[in-house]
Amino acid sequence: MSDNIEKKEEIIETGGYAELVNMEEINTVLAEDCDGLEFALDKIKIPAGGGTAFEVPADEEGETDMVKEIVGVILYNHAVNSYYTEKYSGGSNPPDCGSFDGKVGYGTPGGECKDCPYNKFGSGDGKSKACKNRRMLYILQENEIFPVVLSLPPGSVGSYSNYVKRLISKGLRPSAVVTKITLKKSTSGEGINFSQAVFKKDRILTVSEKEVLAPIINQMKELAANLTPAALIEDDNVFVDQETGEVIEPLK
């Protein structure tokens, strides 16, 4: 009986994210098989109009799949702000002012985001902000080496904030748990339907899983930090989502 219990505990402790290869092996694979190649992290899209399925890249180039939930560890997250003097109408036009960290904006008007009049409720349509505050989540799904990026629109940032607050109140962080993300249809104060992300803790990571993920989390933070230099925006060398106008990352 005791032998069976020990075996079961061992499976639990070494399964899941503990099965990931270590960073040294990952770097070896990247150096050997990806030398000279350039690629970005896959992006998950939240639909407009109240849809309840995410759009994710499929295995076939240029194809997408629709999935009802995203399950993984949120390795890292940070704010992204973008302001357009004229209402964004599509295309790859960079914003007049953008911020990769939600703290300092570059462009016009630029400066400290917390003091900007366009970052105040009521400066945009209705009670909204003229500057769009989004949140970038870097999510590692089980049995994957590379994380995916989920850019939360303004209508979902509050939901994520509440989720993080619930975790912290229990002594947890987003990077210490497996999170399940779904979508629900919501309606704004102006009567516009939109898709809102819903967050739920699926389980707490084991000690072994946390140890395996620690260097990956640090590497993700370094990657995100490299998306913030002011020169990228000053030179208009940015990537802008053609559907939403959000700044996602510098062009490679």
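Along each chain, residues carry numbers from 1 onward, in the same order as the chain's sequence is written. Predicted model: local features are reported for residues with pLDDT of at least 70 only, side-chain atom pairs are reported and counted for 80 or more only, and whole-chain, interface and lining totals are derived from all residues. Only heavy atoms go into the side-chain values, all of them from the structure, while hydrogens and water stay out.

So, about the overall build of the chain. The way it works is that DSSP assigns letters per residue, a run of H or I at least four long becomes a helix, a run of E at least two long becomes a strand, and they are numbered from the N terminus. Helix and strand content of the chain: five helices and 13 strands. Between buried and exposed lies partly exposed: a residue is buried under 20% and exposed over 50% of the maximum accessible area for its type, with that area taken using a 1.4 Å probe on protein chains only. Across the 252 residues in the chain, those meeting the buried criterion constitute 39%. Should any heavy atoms of two residues lie within 4.5 Å, those residues are considered in contact. Across the chain, contacts joining residues at least 24 apart in sequence account for 57% of those joining residues at least 6 apart. The Shrake-Rupley method, run with a 1.4 Å probe sphere, supplies the accessible areas, and residue values consider only the shown protein chains as cover. Of the accessible surface of the chain, which amounts to about 14,700 Å², a share of 50% is contributed by carbon and sulfur atoms.

This next bit is on empty space enclosed by the protein. Residues are said to line a cavity or pocket when one of their atoms sits within 4 Å of a point; the points come from a 1 Å grid over protein atoms alone, cavities being sets where a 1.4 Å probe fits but cannot get out and pockets being open sets with protein on both sides within 12 Å along at least five of seven lines. Grid points are joined across faces, edges and corners, and a volume is the space filled by probe spheres set on the points. Tallied over the full model, the rule gives one cavity of 30 Å³ or more. Space inside the largest cavity adds up to approximately 100 Å³. Those elements that provide at least two residues to the lining of the largest cavity are β4 (70-83), β5 (97-99) and β7 (111-112).

What follows deals with the pairing of strand β3 (residues 64-67). Each pair of strands is called paired provided DSSP finds at least two bridges between the two strands. Pairing of strand β2 (residues 54-57) with β3 involves four bridges; the strand directions are antiparallel. Opposite Phe54, over in β3, you have Val67 as the bridge partner. Between β2 and β3, which follow one another and run antiparallel, lie six residues, and Gly62 among them has a positive phi close to 85 degrees.

One can find Ser151 in strand β9 (residues 148-152). Identification of polar contacts relies on pairs of N or O atoms within 3.5 Å, with a donor-acceptor requirement for protein atoms, meaning one able to donate a hydrogen and the other able to accept it, and with residues adjacent in sequence counted only if both atoms are side-chain atoms. Here the side chain of Ser151 touches Arg134 through a polar contact of 3.0 Å, side chain to side chain.

Two side chains carrying opposite charge are able to pair once their charged atoms lie near each other. By convention in these notes, a salt bridge is any Lys or Arg side-chain nitrogen within 4 Å of a carboxyl oxygen on Asp or Glu. Inspection of the entire model under this criterion finds three salt bridges. Taking the shortest distance from any N to any O, the salt bridge between Arg203 and Glu142 comes out at 3.9 Å. Here the residue Arg203 occupies a position in strand β11 (residues 193-204), and Glu142 occupies one in the loop between β8 (132-140) and β9, the gap between them amounting to 61 residues. By relative accessible area, which is 37% here, Glu142 ends up partly exposed. Arg203 serves as the salt-bridge partner of Glu209, at 2.8 Å between the closest nitrogen and oxygen. Sharing partners across several salt bridges, the network here consists of Glu142, Arg203 and Glu209.

Purely geometric stuff here, so don't read any function into it on its own.
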